[in-house]
There are 2 protein chains.
Amino acid sequence: MLNVDLSAISDFVSGQQMAAMEPRVAAAYETLATGSGAGNDYIGWVNLPRDYDREEFARIQAAAKRIQSDSEALVVIGIGGSYLGARAVIELLKSPNYNLKKKDTPDIFFAGNTLSTDMVLEIMELVGDRDFSINVISKSGTTTEPAVAFRLFKAKLEEKYGKAEAAKRIYATTDKAKGALKSLADVEGYEEFVVPDDVGGRYSVLTAVGLLPIAVAGIDIEALMAGAEEARVAFQSDRSMNNPVWKYVAARNALYEQGKKVELLCCYEPSFRFMSEWWKQLYGESEGKDGKGLFPASVEFTADLHSMGQYIQQGERIMFETVVRYDQPHGEILIGADKDNVDGLNFLAGKPLSFVAEQALRGTRLAHVDGGVPNILVELETVNETTLGQLIYFFELACGISGYVLGVNPFNQPGVEAYKKNMFALLNKPGYEELRETLLARL
Amino acid sequence: MLNVDLSAISDFVSGQQMAAMEPRVAAAYETLATGSGAGNDYIGWVNLPRDYDREEFARIQAAAKRIQSDSEALVVIGIGGSYLGARAVIELLKSPNYNLKKKDTPDIFFAGNTLSTDMVLEIMELVGDRDFSINVISKSGTTTEPAVAFRLFKAKLEEKYGKAEAAKRIYATTDKAKGALKSLADVEGYEEFVVPDDVGGRYSVLTAVGLLPIAVAGIDIEALMAGAEEARVAFQSDRSMNNPVWKYVAARNALYEQGKKVELLCCYEPSFRFMSEWWKQLYGESEGKDGKGLFPASVEFTADLHSMGQYIQQGERIMFETVVRYDQPHGEILIGADKDNVDGLNFLAGKPLSFVAEQALRGTRLAHVDGGVPNILVELETVNETTLGQLIYFFELACGISGYVLGVNPFNQPGVEAYKKNMFALLNKPGYEELRETLLARL
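Conventions we followed
Position numbers for residues count from 1 along each chain, tracking the sequence in the order it is written. Starting at A for chains and at 1 for ligands, labels are handed out in the order in which the entities are written. pLDDT decides what is reported in this predicted model: residues at 70 or higher carry local features, side-chain atom pairs at 80 or more are listed and counted, and totals for whole chains, interfaces and linings draw on all residues regardless. For side-chain calculations, the full set of non-hydrogen atoms in the structure is used, while hydrogens and water are omitted. Working definition: helices are DSSP H or I runs of at least four residues, strands are E runs of at least two. Numbering for both runs from the N terminus. To sort residues, take the accessible area from a 1.4 Å probe on protein chains only and compare it with the maximum for the residue type: under 20% means buried, over 50% means exposed, and anything in between is partly exposed. What makes two residues a contact is simply this: any of their non-hydrogen atoms within 4.5 Å. Joining two parts hides part of their accessible area as seen by a 1.4 Å probe, and the buried area is that hidden amount summed over both. The working definition used for a salt bridge is a side-chain nitrogen of Lys or Arg within 4 Å of a carboxyl oxygen of Asp or Glu. Polar contacts here mean pairs of N or O atoms no more than 3.5 Å apart (in protein, one a potential hydrogen donor and the other a potential acceptor; neighbouring residues in sequence count only if both atoms are side-chain atoms). The atoms used to superpose the copies are C-alpha atoms, taken from residues with pLDDT of at least 70 in both, and the fit is least squares. Two strands pair under a simple rule: DSSP has to find at least two bridges between them. To define axes, lines are fitted to C-alpha atoms, for helices over the stretch in contact only, and angles between the resulting N-to-C directions are given on a 0 to 180 degree scale. When two cysteine sulfur atoms are found within 2.5 Å, that pair is recorded as a disulfide. The cut-offs work like this: below 35 degrees is roughly parallel, past 145 is roughly antiparallel, 65 to 115 is roughly perpendicular, and the gaps in between are oblique. Two helices cross in a left-handed way if the nearer one is turned anticlockwise from the farther one by less than a right angle. They cross in a right-handed way if the turn is clockwise. Side-chain classes follow a simple rule in which Ala, Val, Leu, Ile, Met, Phe, Trp, Tyr, Cys and Pro form the nonpolar group, Asp, Glu, Lys and Arg form the charged group, and the remainder, Gly included, forms the polar group.

## Focus on the environment of Leu 211 of chain B
Residue and element names in this part refer to chain B.
- Mapped onto the elements, Leu 211 comes out in helix 9 (residues 208-216).
- Judged by its relative accessible area of 2%, Leu 211 is buried.
- For the pair formed by Leu 211 and Ile 221, sequence separation is 10 residues and the distance between their alpha carbons is 6.7 Å.
- When near neighbours in sequence (up to four residues on either side) are disregarded, Leu 211 contacts Phe 57, Ile 60, Val 205, Leu 206, Ile 221, Leu 224 and Met 225.

Now the structure itself:
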């Protein structure tokens, strides 16, 4: 099971400060567990790994098989929480180069997360004239980016297969009862999956929202859920500072209260890049409100030790690092001896590259601590469906508790509407006339 | 020519504060232009777009043609400044999906920027048994990540073609006179290109370091240099606050001095992602020292308005945004009318998607300013080789000047050594025995 090592924050946070955190974390956990806090309509994810809908889960698996058998490409249409989780899991367990690789599962393209004309046209071109299906993911069906993309890809699909056949290739993940996409899916007969009412987008990767694309990529979603369930049992039962979730919550809040404003998520695997993006939404959107919250940022080591490394070592002392560490699961590379040794690497002869990577991590951790950057280490044994399920649940549970420790509602996102309102007004959407006048006067 | 719009910082920085910045920016520019400041051994990039080596430039173009004709893949081996610039330019002008696209230029794989076993093995597999060449980029030839990758890919190349033929497929970009890679290239007869002594890695994209991979991707490097030269002439001649470079330097330093600690680079095109990574190294490594400097972070809108948008709108007020804006160069998508209008998008019927994107930008800018986030707008007319050359020079010149305004040496990176020393000690490298003992005692 996942472990959290706080030894490299001890120069920055005293034992007394950590002890003072314990009752606050306990109280925040209690608030979450009893559903007595702000945003308690949105805590369905807490017990989801135990309580998920088995009938729907089997339909997800069946749909994934069907898509694998009849499609060379799957276009996943969604934005924010409706795409980051699936993309993160697929890149981590398969590869950031998933589409480039030879494989017996379909290419997966994430569309509907941009207003970039070039990017939409490019995905159209990359899908080309191959057989494809669409998974459109939207609670409402009216969010601008996915709605635009869905219009385009649906037209392409209907042109290729005709309306009736196309409808069999469209999988709608949406509200269970209402909304534009739900209505359309009912009328057209799309297969439907549910975005649960009590699970917000950023906590939805283990619902149909994330699971269908993940399963299409050939990832074992039963093992993913089983890993999350193991974590749920473990992290809900231990109400003490031995609980890795409690440790993480206590440490990051103690550091924040000391003036650390930036949490830098670090990993030594390039395939972790979109897990960091998923994590940024989870924490940024849950905690960044009321003028509060750690600013979530990420780096990819060792590459970024040669770019952001200088700043981390000697720049403004406003940050701490959270490092996710695991052994590399796949192959091994042994560094050979070279008779000329021009590059001076022969002192590594006979060593596996993973050993070098591990010393880079240990050396960097010490260097950054010496530079004034506290370091939280989150350790997994390896990365596979089970341990990733644990990691996802770990970050989700810690986020919910941490938001309550911070004193915010970790389950709303009132600030996201501001730009949308302005955009609608500038786009002349009916109902925004007054705001439009105000904005135009400012431009 | 590129423009900087500061209208959306006026609620945060007074005219008086900006006026007070002017003489400081003027003095910093003078320091840079006269080569009288700290790090003045490393300002070869300032006049590089005028003074670059034409003979070498022609060899770069010829080498690119040769690689295009005899290789289906190019493996670029480099880390930090030895890969970020090339990757950024290729992703922006070609595509982040460059390798996935049908094209008449080679696939390009960036290796040597990680210690991840999985990633190295995967690139080996993706290159497969296709014809390929190597561009190894390292001033010294002994940096661990690229040295390891070069050993592996060189062995693969020699196995495939034999040693003599392989040597004709290896292009070494390295020191002009000394170092491990230079010596090896001389002995083996690799074609050589120069990492100039007076241009640090993060300022080197317009040298052979960046230009060879960029040219192989089919990008017009003459136009890129011409754009940079236009910018050099324009930005060096105007010594006033009308100069976009001066505006940017003054604004970001004024905001920093008011307590804004994070600069968030934003773009509305997914293809800009690695330009942001290049920019992070440029600014983070140049300014992040002596406990000072803006923390450079980036977001990709509109996707990240659905993840980091909440934090930006209502989280800690420690940031400002720098938005890079340009018209989309390629196609156009017209939003059609839909008879049922289930998604409610018909109010956009007949409008191009780029119009929607532009209103998202304008609406977001106003929303974020209202939320307390100052906004600097960097505007290009469009994106092509010429305007990108301008943008690169703009950011480089502004960075050099800004570092002097901040009072640091913008051309060194003393903090990067700390982790390397620790890593070498933990790897048992000869000469690090004492440090090894100290570190082991702490672990």
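That covers the picture; the talk isn't over yet.
## Considering the interface of chain A and chain B
- Across the contact, 123 residues belong to chain A and 123 residues belong to chain B.
- Across the chain A to chain B interface the summed buried area is about 10400 Å²; carbon plus sulfur atoms make up 63%.
- Three residues, Arg 151, Phe 295 and His 306 of chain A, lead the burial of chain A against chain B; their summed loss comes to 8% of the area buried on that side.
- Across the pair Lys 261 of chain B and Glu 316 of chain A runs a salt bridge whose closest N-O atoms are separated by 3.1 Å.
- Summed over the shared surface of chain A and chain B, the result is 46 residue pairs in polar contact (both at pLDDT 80 or more).
- The leading source of residues in the side of chain A that touches chain B is helix 14 (residues 353-370) of chain A, at 14 residues.

## Some words on the relation of the copies chain A and chain B
- Mapping chain A onto chain B is achieved by rotating through 180° and translating by 0.0 Å along the same axis, at an RMSD of 0.0 Å. Such values leave the two copies arranged in the relation of a two-fold axis. Taking C-alpha positions as the reference, the residue of chain A nearest the rotation axis is Leu 100 of chain A, at 3.1 Å.
- In this assembly, 100% of the residues forming the interface of chain A have copies in chain B that are likewise at the interface, indicating an isologous arrangement.

## Things to note about the sheet that holds strand 5 (residues 170-174) of chain A
All names here are of chain A.
- The strand order across the open sheet built from five strands is 3-2-4-5-6, with neighbouring strands paired in parallel fashion. The open sheet is flanked by strand 3 (107-111) and strand 6 (191-194), the only strands paired with a single partner. For this sheet, the mean inter-axis angle between neighbouring strands, taken without regard to orientation, is 20°.
- Contacting strand 2 (73-77), strand 4 (132-137), strand 5 and strand 6, helix 3 (residues 54-70) crosses the sheet at an angle of about 135° to strand 6.
- Strands strand 2, strand 3, strand 4 and strand 5 of the sheet are contacted by helix 6 (residues 144-161), whose axis makes an angle of about 155° with strand 4.

## A look at the state of the cysteines
Residue and element names in this part refer to chain A.
- Under the criterion given, the structure shown has zero disulfides over all chains.
- The structure places no disulfide on Cys 266, whose sulfur is separated from the nearest cysteine sulfur, that of Cys 267, by 8.8 Å.
- Owing to a relative accessible area of 0%, Cys 266 belongs among the buried residues under this scheme.
- On the accessibility criterion, Cys 267 (3% relative accessible area) is buried.

## Section: the packing of helix 4 (residues 84-93) of chain A against helix 12 (residues 273-287) of chain A
Residues and elements named next belong to chain A.
- Put simply, helix 4 and helix 12 touch, their axes get as near as 7 Å, and they point 155° apart. Considered as vectors, helix 4 and helix 12 are oriented roughly antiparallel to each other. Crossing hand, helix 4 versus helix 12: left-handed. Packed against helix 4, whose contacting residues are Leu 84, Gly 85, Arg 87, Ala 88, Glu 91 and Leu 92, the element helix 12 presents Phe 274, Met 275, Glu 277, Trp 278 and Gln 281 at the interface.
- Among the residues forming the contact of helix 4 with helix 12, the class breakdown is six nonpolar, two polar and three charged.

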